[in-house]
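Summary of structural features
Here is how the chains run, residue by residue.
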Amino acid sequence: MRLLKIVALFVAIVFLAPMTAAGAWWMSLDHPSSWRSANWSATGLLPEPQTSRDAAIYVLAARTGGLKGAFAVHSWIVLKDPDGAHYERYDKVGWGSPIRRDGYAADAAWYSNRPWIVASLTGEDAEAALPAVRGAIASYPFANRGDYRIWPGPNSNSFTAHVLRETPQLDAVLPPNAVGRDYLSGGSWFAIDRDGRDIHLSFAGLAGISAGLRSGLEIHLLGQTAGIDFKRPALKLPAVGRVEF
């Protein structure tokens, strides 16, 4: 009984309190009434592709729409070839063909929410990593019609997290409020990043842990993540995101 009380207190403080605060903050903001009235246009976050001859890889994220936006973000991958005149954008979505290429501008707002750059790689490093990123996109196992589930996954963040695990050159993990990031490829319960720096244990995206040089220490519960990043010092708070030291 004492153990159950300790667990309940831990969940209340570490998970429910940040989620409640995020929900209250979100409800205080103005939001579009539907996807039709939302802004989906380019934000100017990324440089114009024609201004540089370098290859580039970006991982972007933005709060999603409706009440979900209080607790979750949507993430996607942006690529540019050397001397490329345009970006390629890859999202996983919940309608039509799940892996969507260039469905939106590379740095477009998502449900009127401005994106930010989670990770980036440019120049020779990006050029060397492009084949691995494209291979990871092509190998994603949940790429067929019907292979989308908003919670606990596989969803948009499950796709982006798969690419990051398969291409450690990007040296990044998704934000803690990227719901679905811990739903492992193929529905497996255990995974190791390709460079061996992180390990992941997940029970169908509902509960699990991640640990390593890249993730730090994370606890996953019902799609949310709490933890600490040692490499880039920050707290990881459910629904809130990263709080940098």
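Before any of the text, the structure's been laid out above.
Right, let's walk through the structure included here. Counting restarts for each chain, with residues numbered from 1 along the sequence as it is written. This being a predicted model, a pLDDT of at least 70 is required before a residue's local features are given, and a value of 80 or more before pairs of side-chain atoms are given or counted; all residues contribute to the totals for chains, interfaces and linings. The basis for every side-chain value is the complete set of heavy atoms in the structure, and neither hydrogens nor water enter the calculation.

**So, the packing of aromatic side chains**
Classification of ring pairs rests on two measures: the distance between centres of Phe, Tyr or Trp rings, Trp counted by its six-membered ring, which must be within 6.5 Å, and the angle between planes, read as stacked under 30 degrees, edge-to-face over 60 and tilted in between. Applying the stated criterion to the full structure yields 13 aromatic pairs. Summarising the aromatic geometry, the rings of W40 and Y104 are spaced 5.5 Å apart at their centres and angled 25° between planes, so their arrangement reads as stacked. Pair noted here: W40 is in the loop between α1 (2–27) and β1 (56–63) and Y104 is in the loop between β4 (99–101) and β5 (116–122), with a separation of 64 residues, a long-range link. Measuring from ring centre to ring centre gives 6.1 Å for W110 and Y111, while their planes differ by 75°; the resulting arrangement is edge-to-face. A residue is classified by how much of its surface remains accessible, and Y111, at 23% relative accessible area, is partly exposed. Three or more aromatic residues link up through ring pairs in this structure, and these residues are W40, W76, Y104, W110 and Y111. A ring is considered to have a charge above it if a Lys NZ or an Arg CZ atom is located within 6 Å of its centre and within 35 degrees of its normal. Over the ring of W76 we find R89, and its NZ or CZ is 3.9 Å from the ring centre. Only DSSP runs of H or I reaching four residues or more are called helices, and only runs of E reaching two or more are called strands; each is numbered from the N terminus. Relative accessibility thresholds used throughout: buried, under 20% of the residue-type maximum; exposed, over 50%; partly exposed, between the two (1.4 Å probe, protein chains only).

**Some words on α1**
Counting along an α-helix, one turn takes 3.6 residues, and residues three or four places apart therefore face a common direction. Under the convention used throughout, the expected extent of a helix is 1.5 Å for every residue step, that is, one less than its residue count. For α1, spanning 26 residues, the distance from its first C-alpha to its last is 36 Å, which sits close to the expected 38 Å at 1.5 Å a residue. Two axes are fitted around each residue, one to the seven residues ending there and one to the seven starting there, and the angle between them is reported as the bend at that residue. Bending of α1 peaks at approximately 35° at the position of L16, with proline P18 no more than four residues after it. For α1, the complete set of buried residues consists of F15, P18, A22, G23 and W26. Among the structural elements, β1, β9 (216–221) and β10 (224–229) are those in contact with the buried residues of α1. Should any heavy atoms of two residues lie within 4.5 Å, those residues are considered in contact.

**Quick look at the sheet that holds β5**
One open sheet accounts for five strands, arranged β4-β3-β2-β1-β5; its pairing is antiparallel. The sheet is open, and its two borders are formed by β4 and β5, each paired with just one other strand. Going from strand to strand, the sheet's axes swing by 20° on average, the running direction of each strand aside. At least two bridges found by DSSP between two strands is the condition for calling them paired. Across eight bridges, β1 lies against strand β2 (residues 73–80) in antiparallel orientation. For A56, the partnering residue across the bridge sits in β2 and is K80. Angular values range over 0 to 180 degrees, each being the angle between N-to-C directions of two axes fitted as lines to C-alpha atoms, with helices fitted over their stretch in contact.

**Brief notes about unusual backbone geometry**
With an omega of 0°, the peptide bond between W151 and P152 qualifies as cis. Structurally, P152 can be placed in the loop between α2 (123–139) and α3 (156–166). Here the residue pair G153 and P154 is connected by a cis peptide bond, since its omega of 0° sits within 30 degrees of zero. Structurally, the position occupied by P154 is in the loop between α2 and α3. Positive phi values are uncommon outside glycine, yet S112 reaches one of about 75°. Taking relative accessible area as the criterion, S112 reaches 33% and is therefore assigned partly exposed. Even without a glycine there, the phi angle at L222 is positive, about 55°. Position of L222 relative to the elements: it lies in the loop between β9 and β10. Overall, L222 belongs to the partly exposed group, its relative accessible area being 48%.

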